[in-house]
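Remarks on the overall topology
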Amino acid sequence: MNLTILEPATESVLKEIPAASAADVSAAVARAKSAFPAWRKVVPAERARLLRALADGVEQHLERLARLEARNAGKPISGARWEIGAVAGVFRYYAGAVERLTGATIPVAGGVAMTFKEPMGVVGLITPWNYPLYIASWKLGPALAAGNTCVLKPAELTPLTALELELIALEVGFPSGVLNVVAGTGLEAGRALVDHPDVAKIAFTGSTGVGKDIATRAAQTVKRVTLELGGKSASVIFEDADIAAAAAAVPSSVFDNSGQDCCARSRLLVHESVLDDFMNHLSIAVKAWRVGDPMTDVDMGPLISAAHRDRVSQYLEGAEIALEGDAPNGRGFWFKPTVLGPVSPSSRVAQQEIFGPVTCVIPFKTESEATEIANGTIYGLSGSVWTRDGARALRMARALDSGALSINSNSSVRYSTPFGGFKQSGYGRELGPNACDAYTEEKTVFIKTE
Ligand code: NAD
């Protein structure tokens, strides 16, 4: 079977590649397993050097990788360049972490105990199509730094940059078998990786439904699992906020990457007393949002596929459109940036992850009501609070059930800070100074001295 890789802006075929079968996954796991004993013994300084060389290699190929990512994922080339640059940044950050991966010595009765952070062995990494290489780097960086060997299964719609990365790793000197990429479907290659008895851990980013399937299947071999799943993040805009700034920030918070972003602010909770003012400002911002050919200077490209466009479209049936931007007609999986509302907090569009350029407005009256609405979904990944009252900002930040919160901004991810979800947005944390812990087993050794 082949994977037909499309360019969503033109619907033309970018590449046909063979789909990895379950047997291909087994072969990759076997390569990773045989590379592990030597790789875990590579001294930290050398592992760090190789990760820095990988970062340099990515930067040398930055323009080529960015163009490939932009065309295949339909994302604006400026964003793709930023992402590939950030991939190099992640590898450098975890090169620095290699030498900080220390244990502890603990005085205990009768002797001394010490702890080691041991690599797990072969780890399986399964990634989505929205930030293909960037999210792969969040897993590869700490997994390799900690001394594991990796089998990465990128999303079947966007595997091209991961396949390039595998070649770059070999080119810069990574031993063969340390970083393996298998491009296949979720049901065949993904499940084969999850079920494989020689895989110690699965790090997954994707939808909540698939995350549940993975956690259930991984339980059969008691694999370690970390899950970065869906979101339905809220921006809470209080009456004392800079309303113009809050409204101007909305398009990038939810239409960036065509809304195909787990942290997309797909609910706008607005204090009822400033709703009209907010909507007037938002209308200007939505109209100014430029949708078009991702290889040019635009804010947003198409959606990833025809099937995904159909899925997103269904959410508009029967919904009241408050504001709408423009999008090209004709070939390409285009979708107009859309603001729905006002909607009820319990409505389908306010509860389910749409994963497209669609947000909805929900008016509120009090801080406690805003907290209840913001926390009233199965998700808890990210969110924003807009207010000039510092105490309220912190009160809200503490009260919201979310892994990442931002005050007077929409920032969610930095590779130097932990990232992950509450509730059904997943478990475990990626990025930040402790990410290697998710790829190590802690071992205690006791030495009898008495
Ligand atoms: P998806 O869950 O459909 O697929 C993700 C990956 O899992 C792909 O590689 C796919 O091939 C694989 N897969 C599918 N079924 C599988 C199975 N049964 N067993 C093993 N692997 C399987 O997600 P998607 O559509 O690629 O991405 C969109 C979703 O990802 C959204 O829900 C979004 O919120 C989420 N996401 C979360 C984060 C985060 O950090 N929390 C980041 C980006 C995307």
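Because the structure is a prediction, the values reported are computed rather than measured. (Residues numbered from 1 in each chain as written. Predicted model: local features only at pLDDT ≥ 70, side-chain atom pairs only at ≥ 80, totals over all residues. Heavy atoms only, no water.)

1. Some remarks on the site of the ligand
Looking at the ligand, there are 29 residues lining it, with T127, E156, S207, L229 and E353 nearest. Interatomic distance of 2.7 Å between a backbone N/O atom of T127 and an oxygen atom of the ligand. S207 is positioned such that a nitrogen or oxygen atom in its side chain is 2.6 Å from an oxygen atom of the ligand. Protein chains bury 91% of the 850 Å² of accessible surface belonging to the ligand in isolation. Of all the elements in the fold, those that place two or more residues in the shell around the ligand are α7 (186-195), β8 (199-205) and α8 (208-218). Take the shell around the ligand: its biggest share by element is four residues, from α7. Among the residues making up the shell around the ligand, the classes are represented as 15 nonpolar, eight polar and six charged. (Near = heavy atom within 4 Å. Polar contact = N/O pair within 3.5 Å; in protein donor to acceptor, adjacent residues only side chain to side chain. Areas by Shrake-Rupley, 256 points an atom, 1.4 Å probe, with all protein chains shown as cover. Helix = DSSP H or I, 4+ residues; strand = E, 2+ residues; numbered from the N terminus. Nonpolar A, V, L, I, M, F, W, Y, C, P; charged D, E, K, R; others polar.)

2. Digging into the domain arrangement of the chain
Interfaces are often described in size by the accessible area the parts lose on coming together. One can read the domain layout of the chain as domain 1 (2-229 + 425-448) and domain 2 (234-413). A separation of 30 Å is found between the C-alpha centroids of domain 1 and domain 2. On the side of domain 2, 26 residues touch domain 1, which itself brings 27 residues to the contact. In this assembly, domain 1 packs against domain 2 so that about 2,200 Å² is buried in total across both faces, 61% of it on carbon and sulfur atoms. The largest contributions to the domain 1 side of the interface with domain 2 come from E11, W129 and S425, which together make up 25% of the buried area. Here domain 1 and domain 2 share zero salt bridges between them. For the pair domain 1 and domain 2, the interface holds ten residue pairs in polar contact (both at pLDDT 80 or more). At the level of secondary structure, the elements contributing two or more residues to the side of domain 1 that touches domain 2 comprise α3 (62-73) and α5 (132-145). Top contributing element to the side of domain 1 that touches domain 2 by residue count: α3, with five residues. Its residues placed into classes, the side of domain 1 that touches domain 2 shows 14 nonpolar, seven polar and six charged. (Domains from an automatic or database assignment. Contact = heavy atoms within 4.5 Å. Buried area = accessible area lost by both parts, 1.4 Å probe. Salt bridge = Lys/Arg side-chain N within 4 Å of Asp/Glu carboxyl O.)

3. Digging into unusual backbone geometry
Glycine aside, a negative phi is what most residues show, and trans is what most peptide bonds show. Cis geometry marks the peptide bond from G341 to P342; its omega dihedral reads 0 degrees. With respect to the helices and strands, the residue P342 is situated in the loop between β13 (338-340) and α13 (348-351). You will see that V222, though not glycine, has its phi angle at about 45 degrees, which is positive. Inspection of the secondary structure puts V222 in the loop between α8 and β9 (224-228). Given the relative accessible area of 59%, V222 is considered exposed. One non-glycine residue, F355, adopts positive backbone phi at about 60 degrees. Along the chain, the position of F355 falls in the loop between α13 and β14 (358-364). Judged by its relative accessible area of 16%, F355 is buried. (Buried < 20%, exposed > 50% of the residue type's maximum accessible area, 1.4 Å probe, protein only.)

4. Some words on the sheet that holds strand β7 (residues 179-181)
Pairing is mixed in the open sheet, where six strands are placed in the order β7-β6-β5-β8-β9-β17. Unpaired on one side and paired on the other, β7 and β17 (426-427) mark the two borders of the sheet. The pairing of strand β5 (residues 122-126) with β8 spans five bridges and is classified as parallel. Bridging across to β8, G124 finds its partner in I202. (Pairing = 2+ DSSP bridges.)

5. What about the environment of Y427?
Tracing the backbone shows Y427 in strand β17. The partly exposed category is assigned to Y427, whose relative accessible area is 41%. In this structure the C-alpha to C-alpha distance between Y427 and L229, which are 198 residues apart in sequence, comes to 8.5 Å. Residues in contact with Y427, not counting those within four places in the same chain, are A215, V225, T226 and L227.

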